[in-house]
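One-letter residues, chain by chain:
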Amino acid sequence: MKLEKLQLILKDEPGFREKQAFEGVFKKLVSDWNEVTNLPKNLQEKLNEQCSLEVDGKVFESKDGKTFKALITLKDSEKIEAVLMRYEDGRNSLCVSSQVGCALGCKFCATGKMGIKRSLSSDEIVDQFLFFARFLKEKFGENEKITNVIFMGMGEPFLNYDNVMKAIEILNDEKAIGLGARNISVSTSGIIEGIKKFSDEERQVNLAISLHAPNDELRSELMPINKKDKLQDVLNAVDEYISKRKRKVMFEYLLIDGVNDSEENAKELATLMKKPLYMVNLINYNPTGNFNPSSKKNVDRFLNVLKKTGVNATLRHSFGGDIKAACGQLANES
Ligand code: SAH
Ligand code: SF4
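None of these values were measured; they are calculated from a predicted model.

### Considerations on the site of ligand 1
Thought 1: The full set close to ligand 1 counts 21 residues, and G155, S187, S210, H212 and N286 are the nearest of them.
Thought 2: Here G155 contributes a backbone N or O atom positioned 2.9 Å from a nitrogen atom of ligand 1.
Thought 3: Coverage of ligand 1 by the protein amounts to 96% of the 530 Å² it exposes when considered alone.
Thought 4: The set of elements that each furnish at least two residues to the shell around ligand 1 consists of β8 (184-188) and β10 (249-255).

### Re the sheet that holds strand β4 (residues 92-95)
Thought 1: Pairing within the open sheet is mixed, and its 10 strands lie in the order β1-β2-β3-β4-β7-β8-β9-β10-β11-β12. Strands at the two margins of the open sheet, each flanked by one partner only, are β1 (56-61) and β12 (313-316). The mean angle between the axes of side-by-side strands here comes to 25°, regardless of whether they run parallel or antiparallel.
Thought 2: Of the strands in this sheet, β7 (148-151) and β8 touch helix α6 (residues 161-172), which is tilted by about 180° from β7.

### Here we look at the environment of N160
Thought 1: Relative to the helices and strands, N160 is located in the loop between β7 and α6.
Thought 2: Under the relative-accessibility criterion, N160 is labelled buried at 7%.
Thought 3: Separated by 143 residues in the primary sequence, N160 and R17 have C-alpha atoms spaced 32 Å apart.
Thought 4: For N160, the residues in contact, after removing those within four places along its chain, are S98, Q99, S119, L120 and I125.
Thought 5: At 2.9 Å, the side chain of N160 and the backbone oxygen of S98 are in polar contact.

### As for the packing of helix α1 (residues 3-10) against helix α2 (residues 16-27)
Thought 1: The interhelical angle for the contact between α1 and α2, taken along N-to-C directions, is 145°, at an axis separation of 10 Å. Between α1 and α2 lies a crossing of right-handed hand. Of the residues in α2, those touching α1 at L3, L6, Q7 and L10 are R17, E18, A21 and F22.
Thought 2: For the contact of α1 with α2, the per-class residue count stands at 5 nonpolar, 1 polar and 2 charged.

### What about the domain arrangement of the chain?
Thought 1: Here the domain parsing of the chain yields domain 1 (1-54) and domain 2 (55-333).
Thought 2: Taking only C-alpha atoms, the centre of domain 1 and the centre of domain 2 are 33 Å apart.
Thought 3: Interface area, domain 1 with domain 2, both sides summed: about 1,200 Å², of which 53% is carbon and sulfur.
Thought 4: Our enumeration of links across domain 1 and domain 2 arrives at 0 salt bridges.
Thought 5: Across the contact surface, domain 1 and domain 2 share 8 residue pairs in polar contact (both at pLDDT 80 or more).
Thought 6: Ranked by residue count, the leading element in the side of domain 1 that touches domain 2 is α2, at 5 residues.
Thought 7: In terms of residue class, the side of domain 1 that touches domain 2 is built from 8 nonpolar, 1 polar and 5 charged.

How each quantity is defined
Residues numbered from 1 in each chain as written. Chains lettered and ligands numbered in written order. Predicted model: local features only at pLDDT ≥ 70, side-chain atom pairs only at ≥ 80, totals over all residues. Heavy atoms only, no water. Near = heavy atom within 4 Å. Polar contact = N/O pair within 3.5 Å; in protein donor to acceptor, adjacent residues only side chain to side chain. Areas by Shrake-Rupley, 256 points an atom, 1.4 Å probe, with all protein chains shown as cover. Helix = DSSP H or I, 4+ residues; strand = E, 2+ residues; numbered from the N terminus. Pairing = 2+ DSSP bridges. Axes fitted to C-alpha atoms, helices over the stretch in contact; angles between N-to-C directions. Contact = heavy atoms within 4.5 Å. Buried < 20%, exposed > 50% of the residue type's maximum accessible area, 1.4 Å probe, protein only. Left-handed = near helix turned anticlockwise from the far one by under 90°. Nonpolar A, V, L, I, M, F, W, Y, C, P; charged D, E, K, R; others polar. Domains from an automatic or database assignment. Buried area = accessible area lost by both parts, 1.4 Å probe. Salt bridge = Lys/Arg side-chain N within 4 Å of Asp/Glu carboxyl O.

Structural data, given as C-alpha coordinates:
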(Lines give C-alpha, C1' and ligand atoms only; values in the text may rest on other atoms or scores of the structure.)
(Ligands and ions follow the chains in the order given, each with its own letter.)
Protein backbone atom coordinates (compact mmCIF):
# COMPACT_ATOMS: atom_id res chain seq x y z
CA MET A 1 0.00 0.00 0.00
CA LYS A 2 1.24 3.48 -0.82
CA LEU A 3 1.34 5.12 2.58
CA GLU A 4 2.06 8.63 1.33
CA LYS A 5 -0.84 8.39 -1.08
CA LEU A 6 -3.10 7.30 1.76
CA GLN A 7 -2.01 10.22 3.87
CA LEU A 8 -2.53 12.60 0.98
CA ILE A 9 -6.08 11.38 0.41
CA LEU A 10 -6.88 11.52 4.11
CA LYS A 11 -5.66 15.12 4.39
CA ASP A 12 -9.03 16.24 3.02
CA GLU A 13 -10.94 14.08 5.51
CA PRO A 14 -11.72 14.58 9.20
CA GLY A 15 -8.83 13.70 11.52
CA PHE A 16 -10.30 10.46 12.89
CA ARG A 17 -10.30 8.86 9.43
CA GLU A 18 -6.57 8.22 9.61
CA LYS A 19 -7.02 6.21 12.80
CA GLN A 20 -9.82 4.19 11.21
CA ALA A 21 -7.79 3.55 8.07
CA PHE A 22 -4.64 2.60 10.00
CA GLU A 23 -6.59 0.22 12.22
CA GLY A 24 -8.09 -1.43 9.19
CA VAL A 25 -4.78 -1.90 7.41
CA PHE A 26 -2.40 -2.67 10.25
CA LYS A 27 -4.57 -4.17 13.02
CA LYS A 28 -7.51 -5.81 11.25
CA LEU A 29 -5.18 -6.63 8.36
CA VAL A 30 -7.81 -6.15 5.64
CA SER A 31 -6.85 -6.50 1.99
CA ASP A 32 -9.80 -4.51 0.61
CA TRP A 33 -10.88 -1.06 1.79
CA ASN A 34 -14.52 -2.19 1.66
CA GLU A 35 -13.78 -4.26 4.76
CA VAL A 36 -12.98 -1.11 6.70
CA THR A 37 -16.68 -0.65 7.27
CA ASN A 38 -16.47 2.52 9.33
CA LEU A 39 -15.22 4.44 6.29
CA PRO A 40 -17.81 6.01 3.96
CA LYS A 41 -18.50 4.14 0.74
CA ASN A 42 -17.07 6.82 -1.58
CA LEU A 43 -13.83 6.95 0.42
CA GLN A 44 -13.54 3.16 0.31
CA GLU A 45 -13.87 3.28 -3.44
CA LYS A 46 -11.40 6.10 -3.85
CA LEU A 47 -8.88 4.25 -1.69
CA ASN A 48 -9.33 0.97 -3.55
CA GLU A 49 -8.69 2.82 -6.77
CA GLN A 50 -5.75 4.95 -5.72
CA CYS A 51 -4.30 3.14 -2.77
CA SER A 52 -4.89 -0.56 -3.27
CA LEU A 53 -4.19 -2.94 -0.39
CA GLU A 54 -3.61 -5.93 -2.60
CA VAL A 55 -0.30 -7.76 -2.48
CA ASP A 56 0.20 -10.26 -5.28
CA GLY A 57 1.90 -13.22 -3.64
CA LYS A 58 2.04 -16.97 -4.01
CA VAL A 59 2.95 -19.12 -1.01
CA PHE A 60 5.06 -22.27 -0.93
CA GLU A 61 5.16 -24.43 2.19
CA SER A 62 8.08 -26.58 3.35
CA LYS A 63 7.46 -30.26 4.07
CA ASP A 64 7.74 -29.82 7.81
CA GLY A 65 5.14 -27.02 7.66
CA LYS A 66 7.39 -24.60 9.50
CA THR A 67 8.60 -22.43 6.65
CA PHE A 68 6.56 -20.51 4.14
CA LYS A 69 8.01 -18.69 1.20
CA ALA A 70 6.06 -16.05 -0.67
CA LEU A 71 6.92 -15.14 -4.20
CA ILE A 72 5.62 -11.60 -4.50
CA THR A 73 5.07 -9.89 -7.84
CA LEU A 74 5.51 -6.15 -7.69
CA LYS A 75 3.53 -3.59 -9.69
CA ASP A 76 6.26 -3.44 -12.37
CA SER A 77 6.26 -7.29 -12.59
CA GLU A 78 9.57 -7.67 -10.78
CA LYS A 79 9.55 -10.53 -8.29
CA ILE A 80 10.85 -10.74 -4.75
CA GLU A 81 10.68 -13.29 -1.98
CA ALA A 82 9.82 -13.15 1.69
CA VAL A 83 10.07 -16.07 4.08
CA LEU A 84 8.16 -16.80 7.27
CA MET A 85 9.68 -19.17 9.83
CA ARG A 86 7.53 -20.56 12.63
CA TYR A 87 9.44 -21.61 15.75
CA GLU A 88 8.39 -24.10 18.42
CA ASP A 89 8.59 -21.41 21.08
CA GLY A 90 5.82 -19.42 19.37
CA ARG A 91 7.91 -16.90 17.52
CA ASN A 92 7.04 -16.16 13.90
CA SER A 93 10.01 -14.64 12.21
CA LEU A 94 9.71 -12.90 8.87
CA CYS A 95 12.69 -12.54 6.57
CA VAL A 96 12.18 -9.63 4.17
CA SER A 97 13.89 -8.53 0.98
CA SER A 98 15.22 -5.00 0.57
CA GLN A 99 16.10 -5.08 -3.14
CA VAL A 100 15.21 -6.97 -6.31
CA GLY A 101 18.44 -8.96 -6.62
CA CYS A 102 21.73 -7.74 -5.23
CA ALA A 103 24.70 -5.93 -6.72
CA LEU A 104 27.32 -7.48 -4.48
CA GLY A 105 27.74 -10.89 -6.06
CA CYS A 106 28.85 -12.97 -3.08
CA LYS A 107 30.01 -16.32 -4.45
CA PHE A 108 27.87 -18.46 -2.13
CA CYS A 109 24.60 -16.54 -2.51
CA ALA A 110 21.86 -17.25 -5.04
CA THR A 111 20.60 -13.67 -4.95
CA GLY A 112 24.08 -12.45 -5.73
CA LYS A 113 24.03 -14.35 -9.01
CA MET A 114 20.99 -12.42 -10.26
CA GLY A 115 22.63 -9.05 -10.21
CA ILE A 116 20.64 -6.01 -9.12
CA LYS A 117 17.38 -4.90 -10.75
CA ARG A 118 16.36 -2.14 -8.37
CA SER A 119 15.82 -1.21 -4.74
CA LEU A 120 12.46 -1.64 -3.03
CA SER A 121 10.38 1.26 -1.76
CA SER A 122 9.49 1.34 1.93
CA ASP A 123 5.91 0.43 0.94
CA GLU A 124 7.13 -2.68 -0.89
CA ILE A 125 9.03 -3.74 2.21
CA VAL A 126 6.04 -3.15 4.49
CA ASP A 127 3.81 -5.01 2.02
CA GLN A 128 5.86 -8.17 2.65
CA PHE A 129 4.90 -7.83 6.30
CA LEU A 130 1.23 -7.17 5.54
CA PHE A 131 1.11 -10.13 3.18
CA PHE A 132 2.36 -12.59 5.79
CA ALA A 133 0.50 -11.01 8.70
CA ARG A 134 -2.73 -11.60 6.75
CA PHE A 135 -1.61 -15.11 5.80
CA LEU A 136 -0.84 -16.03 9.41
CA LYS A 137 -4.15 -14.69 10.62
CA GLU A 138 -6.08 -16.54 7.96
CA LYS A 139 -4.26 -19.85 8.28
CA PHE A 140 -3.52 -20.03 11.99
CA GLY A 141 -5.99 -17.62 13.60
CA GLU A 142 -6.20 -14.15 15.17
CA ASN A 143 -3.57 -14.80 17.81
CA GLU A 144 -0.74 -15.64 15.44
CA LYS A 145 1.39 -12.57 14.90
CA ILE A 146 4.71 -11.87 13.27
CA THR A 147 7.05 -11.44 16.23
CA ASN A 148 10.34 -10.67 14.46
CA VAL A 149 11.44 -9.10 11.21
CA ILE A 150 14.89 -9.73 9.80
CA PHE A 151 16.34 -8.00 6.75
CA MET A 152 18.06 -11.11 5.43
CA GLY A 153 16.14 -11.72 2.23
CA MET A 154 17.21 -10.56 -1.19
CA GLY A 155 19.40 -7.50 -1.40
CA GLU A 156 21.77 -5.41 0.69
CA PRO A 157 19.73 -3.29 3.12
CA PHE A 158 22.47 -0.67 3.55
CA LEU A 159 22.51 -0.01 -0.19
CA ASN A 160 18.84 0.95 0.17
CA TYR A 161 19.36 2.70 3.47
CA ASP A 162 16.63 5.35 3.50
CA ASN A 163 13.81 3.08 2.36
CA VAL A 164 14.85 0.37 4.81
CA MET A 165 14.83 2.89 7.67
CA LYS A 166 11.48 4.28 6.56
CA ALA A 167 10.06 0.73 6.51
CA ILE A 168 11.46 0.12 10.00
CA GLU A 169 9.79 3.32 11.17
CA ILE A 170 6.41 1.99 9.97
CA LEU A 171 7.03 -1.46 11.43
CA ASN A 172 7.95 0.12 14.75
CA ASP A 173 5.25 2.83 14.84
CA GLU A 174 2.55 2.09 17.44
CA LYS A 175 -0.04 3.74 15.19
CA ALA A 176 0.92 1.38 12.37
CA ILE A 177 2.39 -2.07 13.09
CA GLY A 178 3.91 -1.51 16.52
CA LEU A 179 6.62 -4.16 16.37
CA GLY A 180 9.35 -3.60 18.97
CA ALA A 181 12.60 -2.28 17.51
CA ARG A 182 14.49 -4.97 19.41
CA ASN A 183 12.58 -7.54 17.39
CA ILE A 184 13.88 -6.13 14.13
CA SER A 185 17.32 -7.03 12.73
CA VAL A 186 19.24 -5.70 9.79
CA SER A 187 21.94 -7.83 8.21
CA THR A 188 24.66 -6.23 6.12
CA SER A 189 27.54 -7.62 4.15
CA GLY A 190 29.60 -4.88 5.77
CA ILE A 191 28.80 -1.57 4.08
CA ILE A 192 30.87 0.75 6.24
CA GLU A 193 29.00 3.92 5.37
CA GLY A 194 25.74 2.20 6.32
CA ILE A 195 27.11 0.91 9.62
CA LYS A 196 28.22 4.45 10.46
CA LYS A 197 24.81 5.93 9.71
CA PHE A 198 23.12 3.12 11.58
CA SER A 199 25.23 3.95 14.66
CA ASP A 200 23.43 7.28 14.89
CA GLU A 201 19.90 5.87 14.68
CA GLU A 202 17.95 6.18 17.92
CA ARG A 203 15.83 3.08 17.39
CA GLN A 204 17.16 -0.08 19.06
CA VAL A 205 17.22 -2.21 15.95
CA ASN A 206 19.67 -5.15 15.94
CA LEU A 207 22.68 -5.22 13.67
CA ALA A 208 24.08 -8.36 12.04
CA ILE A 209 27.23 -8.54 9.94
CA SER A 210 27.81 -11.20 7.30
CA LEU A 211 31.44 -12.09 7.88
CA HIS A 212 31.99 -15.56 6.38
CA ALA A 213 35.78 -15.35 6.42
CA PRO A 214 38.42 -14.41 9.01
CA ASN A 215 40.88 -12.61 6.73
CA ASP A 216 40.86 -10.23 3.76
CA GLU A 217 42.26 -12.69 1.27
CA LEU A 218 39.53 -15.28 1.73
CA ARG A 219 36.79 -12.74 2.35
CA SER A 220 37.57 -10.81 -0.83
CA GLU A 221 37.39 -14.07 -2.74
CA LEU A 222 33.94 -14.92 -1.36
CA MET A 223 32.56 -11.41 -1.03
CA PRO A 224 33.84 -8.93 -3.63
CA ILE A 225 32.63 -5.98 -1.49
CA ASN A 226 35.53 -6.79 0.86
CA LYS A 227 37.96 -5.36 -1.69
CA LYS A 228 36.41 -1.98 -0.96
CA ASP A 229 35.11 -2.27 2.59
CA LYS A 230 37.85 -4.34 4.20
CA LEU A 231 37.43 -6.66 7.14
CA GLN A 232 39.33 -4.61 9.72
CA ASP A 233 37.60 -1.39 8.64
CA VAL A 234 34.24 -3.12 8.98
CA LEU A 235 35.17 -4.28 12.48
CA ASN A 236 36.32 -0.77 13.40
CA ALA A 237 32.95 0.59 12.26
CA VAL A 238 31.22 -2.10 14.33
CA ASP A 239 33.27 -1.16 17.40
CA GLU A 240 32.23 2.44 16.95
CA TYR A 241 28.61 1.31 16.71
CA ILE A 242 29.00 -0.69 19.92
CA SER A 243 30.58 2.19 21.80
CA LYS A 244 27.75 4.50 20.72
CA ARG A 245 24.79 2.15 21.08
CA LYS A 246 26.04 -0.34 23.71
CA ARG A 247 24.35 -3.16 21.85
CA LYS A 248 25.35 -6.66 20.86
CA VAL A 249 26.31 -7.36 17.27
CA MET A 250 25.73 -10.69 15.55
CA PHE A 251 28.37 -11.94 13.13
CA GLU A 252 27.12 -14.48 10.61
CA TYR A 253 29.60 -17.08 9.43
CA LEU A 254 28.63 -19.62 6.77
CA LEU A 255 30.46 -22.91 6.95
CA ILE A 256 31.54 -24.00 3.49
CA ASP A 257 33.33 -27.31 3.00
CA GLY A 258 37.07 -26.93 2.49
CA VAL A 259 36.76 -23.17 1.95
CA ASN A 260 36.44 -21.45 5.33
CA ASP A 261 35.90 -24.27 7.83
CA SER A 262 39.42 -25.41 8.81
CA GLU A 263 40.74 -25.39 12.35
CA GLU A 264 43.06 -22.57 11.36
CA ASN A 265 40.13 -20.54 10.02
CA ALA A 266 38.34 -21.09 13.33
CA LYS A 267 41.37 -19.95 15.33
CA GLU A 268 41.78 -16.86 13.19
CA LEU A 269 38.09 -16.05 13.58
CA ALA A 270 38.25 -16.63 17.33
CA THR A 271 41.03 -14.05 17.66
CA LEU A 272 38.89 -11.45 15.89
CA MET A 273 35.66 -12.27 17.68
CA LYS A 274 36.75 -12.46 21.31
CA LYS A 275 35.09 -9.24 22.40
CA PRO A 276 32.34 -8.63 24.94
CA LEU A 277 29.41 -7.66 22.71
CA TYR A 278 30.38 -9.79 19.74
CA MET A 279 28.28 -12.88 19.02
CA VAL A 280 29.02 -15.38 16.30
CA ASN A 281 26.28 -17.28 14.52
CA LEU A 282 27.57 -20.22 12.52
CA ILE A 283 25.31 -21.13 9.63
CA ASN A 284 25.16 -24.30 7.61
CA TYR A 285 25.76 -23.45 3.98
CA ASN A 286 22.70 -24.07 1.80
CA PRO A 287 23.87 -25.37 -1.54
CA THR A 288 23.46 -22.84 -4.35
CA GLY A 289 25.68 -24.53 -6.91
CA ASN A 290 29.21 -23.44 -6.19
CA PHE A 291 30.16 -25.18 -2.94
CA ASN A 292 29.28 -27.92 -0.48
CA PRO A 293 28.24 -27.59 3.15
CA SER A 294 30.80 -28.43 5.84
CA SER A 295 30.69 -31.89 7.35
CA LYS A 296 29.21 -32.35 10.81
CA LYS A 297 32.71 -33.11 12.07
CA ASN A 298 34.10 -29.83 10.77
CA VAL A 299 31.14 -27.86 12.05
CA ASP A 300 31.61 -29.30 15.55
CA ARG A 301 35.35 -28.67 15.49
CA PHE A 302 34.81 -25.08 14.34
CA LEU A 303 32.26 -24.37 17.06
CA ASN A 304 34.47 -25.96 19.70
CA VAL A 305 37.48 -23.83 18.81
CA LEU A 306 35.35 -20.70 19.15
CA LYS A 307 33.84 -21.79 22.45
CA LYS A 308 37.16 -22.90 23.95
CA THR A 309 38.58 -19.49 23.12
CA GLY A 310 35.70 -17.87 24.98
CA VAL A 311 33.84 -16.55 21.95
CA ASN A 312 30.09 -16.25 22.25
CA ALA A 313 29.05 -18.61 19.46
CA THR A 314 25.99 -20.58 18.39
CA LEU A 315 25.06 -22.81 15.51
CA ARG A 316 21.96 -21.91 13.54
CA HIS A 317 20.06 -24.56 11.73
CA SER A 318 18.57 -23.65 8.45
CA PHE A 319 14.92 -23.52 7.47
CA GLY A 320 13.07 -24.41 4.34
CA GLY A 321 15.79 -25.93 2.15
CA ASP A 322 13.21 -27.98 0.27
CA ILE A 323 11.37 -24.90 -1.00
CA LYS A 324 14.56 -22.95 -1.66
CA ALA A 325 13.54 -20.56 1.06
CA ALA A 326 16.72 -20.93 3.01
CA CYS A 327 19.10 -17.98 3.23
CA GLY A 328 21.03 -17.40 0.06
CA GLN A 329 18.68 -19.50 -2.02
CA LEU A 330 16.31 -16.64 -2.65
CA ALA A 331 16.55 -15.99 -6.34
CA ASN A 332 12.97 -16.35 -7.58
CA GLU A 333 13.50 -19.20 -9.98
CA SER A 334 9.88 -19.37 -11.03
N1 SAH B 1 22.87 -8.68 1.97
C2 SAH B 1 22.74 -8.86 3.36
C3 SAH B 1 21.41 -9.43 3.77
C4 SAH B 1 20.88 -10.54 2.93
S5 SAH B 1 21.80 -12.06 2.93
C6 SAH B 1 23.87 -9.70 3.89
O7 SAH B 1 24.60 -10.28 3.10
O8 SAH B 1 24.01 -9.74 5.09
C9 SAH B 1 21.29 -12.71 4.48
C10 SAH B 1 22.13 -13.84 5.04
O11 SAH B 1 22.05 -15.00 4.22
C12 SAH B 1 23.57 -13.46 5.13
O13 SAH B 1 24.14 -13.77 6.37
C14 SAH B 1 24.14 -14.27 4.04
O15 SAH B 1 25.45 -14.42 4.18
C16 SAH B 1 23.34 -15.55 4.14
N17 SAH B 1 23.51 -16.47 3.02
C18 SAH B 1 23.80 -16.14 1.77
N19 SAH B 1 23.95 -17.24 1.01
C20 SAH B 1 23.73 -18.29 1.82
C21 SAH B 1 23.73 -19.72 1.62
N22 SAH B 1 23.97 -20.25 0.42
N23 SAH B 1 23.45 -20.51 2.68
C24 SAH B 1 23.18 -19.97 3.88
N25 SAH B 1 23.17 -18.64 4.12
C26 SAH B 1 23.44 -17.81 3.11
FE1 SF4 C 1 23.94 -9.65 -1.62
FE2 SF4 C 1 23.88 -10.52 0.92
FE3 SF4 C 1 23.72 -12.25 -1.13
FE4 SF4 C 1 26.02 -11.01 -0.66
S5 SF4 C 1 24.97 -12.46 0.72
S6 SF4 C 1 25.06 -11.27 -2.69
S7 SF4 C 1 25.32 -9.01 0.02
S8 SF4 C 1 22.25 -10.68 -0.60
